[in-house]
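Next come the chains, spelled out residue by residue.
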Amino acid sequence: RLWMRSKKSAANADVFVVVGVGDGALADALRDALAGVPTGAALGCGAALTKESRVAFQPVSEMRAMEAKLVPWGQASKDLRLMEQVTSLFKRENHLDLLFLHMLLLDAAGARVPAVDINQDLNVGNVWCIAKNCNKQLLQCYQNDRCVKSLDCIDACGLNDQVCTYTCIRSYQNDQFQLLARCMLHKNNCLGNDAVRPALPEVLPMTTFRGEPLTHDVAERIMQGWYGDGPDSKPYSWLAVAGQNPAYDHFPCQYQIWYRGKARNSFWYNPVFKVQTLEGTEVWRRSDYRCKRGDVPGTFYFSFMDNGVTSLEYWRVVDAADDLSWSLYYYAGAAKVAGQAYIGAVLATKDGMWPEREHLPRIEKSLWEGCGVKLWEMCEVDNSACGGAPLDPYHEPVLMPALA
């Protein structure tokens, strides 16, 4: 009966994904049922079923691996790299990477998926663009060990793997790579990418706070949060408790610092977070975002340059407790010339601890009904060793009256 159901389901399928099948009889039945599906992956399965992983009926075999070595720019190399990426995503064991691996397989099967369809392979045009415009920066990069490590690491990831690439960039952060990326991508867009900020899900900001309609001023004061110099204040606005995006929201000790600047209508965001580098060390990293009010109170447009690449983000204040014991944010963004688009949600509190139990039903409701995110999709941030963070703001703060 299982074989018949599998055969029927696979009759018109373009992609298959099999997970955790070790039973020999079941594996044989699935192999037969899936024989006509051109592209798919068997993950965490026995050896016989794992050999059925393929792209356009081309198996991931030793013969294909030899072909990939002989012709590293050919289709065999691309297919093997795809399957390595799919396997790596599966091993991370989080929902967004699981979704991403499905999108990779769908894209490989011929259904163009813009979120993963990134130009990351060098061709004659790319090489000419880099040689013509960025030869000085490229030479300086190859004279710097950390810059070379950055390039090698990102090349091994693939540009469309944001978790992997961002870990590479933050692990080996250096000026030479930043200058090269700024020339290649920001100034000249040598890879020809054009990522667009995700418009879905449609997430709306909160509309009232403490029984009154939300205003732009109050929204900024919510974001400023606990930042200040009063007796109950902190040298930061919020400390993240949990986040949805595995690339950007899972770093330990994510301090959020929001404040107005001295210039008219200026508003800044300076996140500070800890990175566990690929070299086995721990380092603090910071960013500097310029924030502009959206049309609706509680919405903001953020822009910043991160290691030579400009990102544009749209943030919303989804909800916040009246006593500021917690706040919830949602963002969607894109690094246009890097070909990367992303979304995320962040729950934050004064001390980085989970809110009291009585707050959880409201948080769950705001996450699901407001953001389309289940609480189990939010991964807890490690705030166990957050001392010594560099919390000095990039700009001179002009603090608003505290809401706390």
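Refer to the structure presented above.
Quantities reported herein were computed from a predicted structural model and do not represent experimental measurements.

Participant: Teacher, can you tell me more about the packing of aromatic side chains here?
Facilitator: For any pair of aromatic rings, the description rests on two quantities: the centre-to-centre distance and the angle between the ring planes. Applying the stated criterion to the full structure yields 22 aromatic pairs. Between Y289 and F302, the ring centres sit 5.8 Å apart and the planes meet at 65°, which makes this aromatic pair edge-to-face. Note that Y289 is positioned in strand β13 (residues 289-293) and F302 in strand β14 (residues 299-306), a separation of 13 residues in sequence. In this structure, Y289 and F302 share a single accessibility class: buried. Taking the ring centre of W226 as reference, the NZ or CZ of K350 above it sits at 4.2 Å. Sitting over the face of the ring of W368, K374 holds its NZ or CZ atom 4.1 Å from the ring centroid.

Participant: I would appreciate a short explanation of the side chain of S327 in the present structure.
Facilitator: Inspection of the secondary structure puts S327 in strand β16 (residues 326-335). For S327, a relative accessible area of 0% corresponds to the buried category. Within the structure, the side chain of S327 is placed 3.0 Å from the side chain of Y329, a separation counted as a polar contact. Other than its neighbours up to four places away in sequence, S327 contacts W238, D319, A320, V346, L347 and A348.

Participant: What should I look at first to understand the pairing of β16 in this one?
Facilitator: Put simply, side chains in a regular strand alternate between the two faces of the sheet. The buried fraction of β16 is high, at 10 of 10 residues. Side chains W326, L328, Y330, A332 and A334 of β16 all project onto a buried face; the interleaved residues S327, Y329, Y331, G333 and A335 project onto the opposite face, where all are buried too. Note: strand β15 (residues 309-320) against β16, eight bridges, orientation antiparallel. Within β16, the position partnered with A320 by the bridge is S327. Pairing of β16 with strand β17 (residues 340-349) involves 10 bridges; the strand directions are antiparallel. In the strand pairing of β17, A335 is matched with Q340. Joining the antiparallel neighbours β16 and β17 is a turn of four residues, in which G339 adopts a positive phi near 75°.

Participant: I keep staring at the packing of helix α8 (residues 145-157) against helix α9 (residues 162-171) and nothing clicks. Help me out?
Facilitator: Angle between the axes and distance between the axes are the two parameters that describe a pair of packed helices. Two elements in contact, α8 and α9, have axes separated by 9 Å at closest approach and are oriented at 175°. Judged on the interaxial angle alone, α9 and α8 are roughly antiparallel. Seen from α8, the contacting residues are R146, C153, I154 and C157; seen from α9, they are C164, T165, C168, I169 and S171. The residue makeup of the contact of α8 with α9, split by class, is six nonpolar, two polar and one charged.

Participant: I'm lost on the environment of V381 in this one. Help?
Facilitator: Looking at the element boundaries, V381 is found in the segment after β18 (379-380). Separated by 85 residues in the primary sequence, V381 and V296 place their C-alpha atoms 30 Å from one another. Beyond its immediate sequence surroundings of up to four residues, V381 is in contact with A240, V241, A242, G243, D249, F251, P252, C253 and Q254.

Participant: Hey, could you run me through the pattern of salt bridges in this one?
Facilitator: Working definition: two side chains of opposite charge can pair if their charged atoms are close together. If you walk through the whole model with that rule in mind, you get 16 salt bridges. Of the charged contacts in the structure, one is a salt bridge between E52 and R31, with a shortest N-O distance of 3.5 Å. A residue pair is termed long-range when its members are at least 10 positions apart, and E52 in the loop between α3 (47-50) and β3 (54-55) and R31 in helix α2 (residues 24-33) qualify at 21 residues. A salt bridge links R146 to E279, with the nearest nitrogen and oxygen atoms 3.2 Å apart. In this pair, R146 sits in helix α8 while E279 sits in the loop between β11 (272-276) and β12 (282-286), placing the two residues 133 residues apart along the sequence. Put simply, D28, R31, E52 and R54 are held in one network by salt bridges that share partners.

The rules behind each value
- Residues numbered from 1 in each chain as written.
- Predicted model: local features only at pLDDT ≥ 70, side-chain atom pairs only at ≥ 80, totals over all residues.
- Heavy atoms only, no water.
- Phe/Tyr/Trp six-rings, centres within 6.5 Å; stacked < 30°, edge-to-face > 60°.
- Helix = DSSP H or I, 4+ residues; strand = E, 2+ residues; numbered from the N terminus.
- Buried < 20%, exposed > 50% of the residue type's maximum accessible area, 1.4 Å probe, protein only.
- Lys NZ or Arg CZ within 6 Å of the ring centre and 35° of its normal.
- Polar contact = N/O pair within 3.5 Å; in protein donor to acceptor, adjacent residues only side chain to side chain.
- Contact = heavy atoms within 4.5 Å.
- Pairing = 2+ DSSP bridges.
- Axes fitted to C-alpha atoms, helices over the stretch in contact; angles between N-to-C directions.
- Parallel < 35°, antiparallel > 145°, perpendicular 65-115°, else oblique.
- Nonpolar A, V, L, I, M, F, W, Y, C, P; charged D, E, K, R; others polar.
- Salt bridge = Lys/Arg side-chain N within 4 Å of Asp/Glu carboxyl O.

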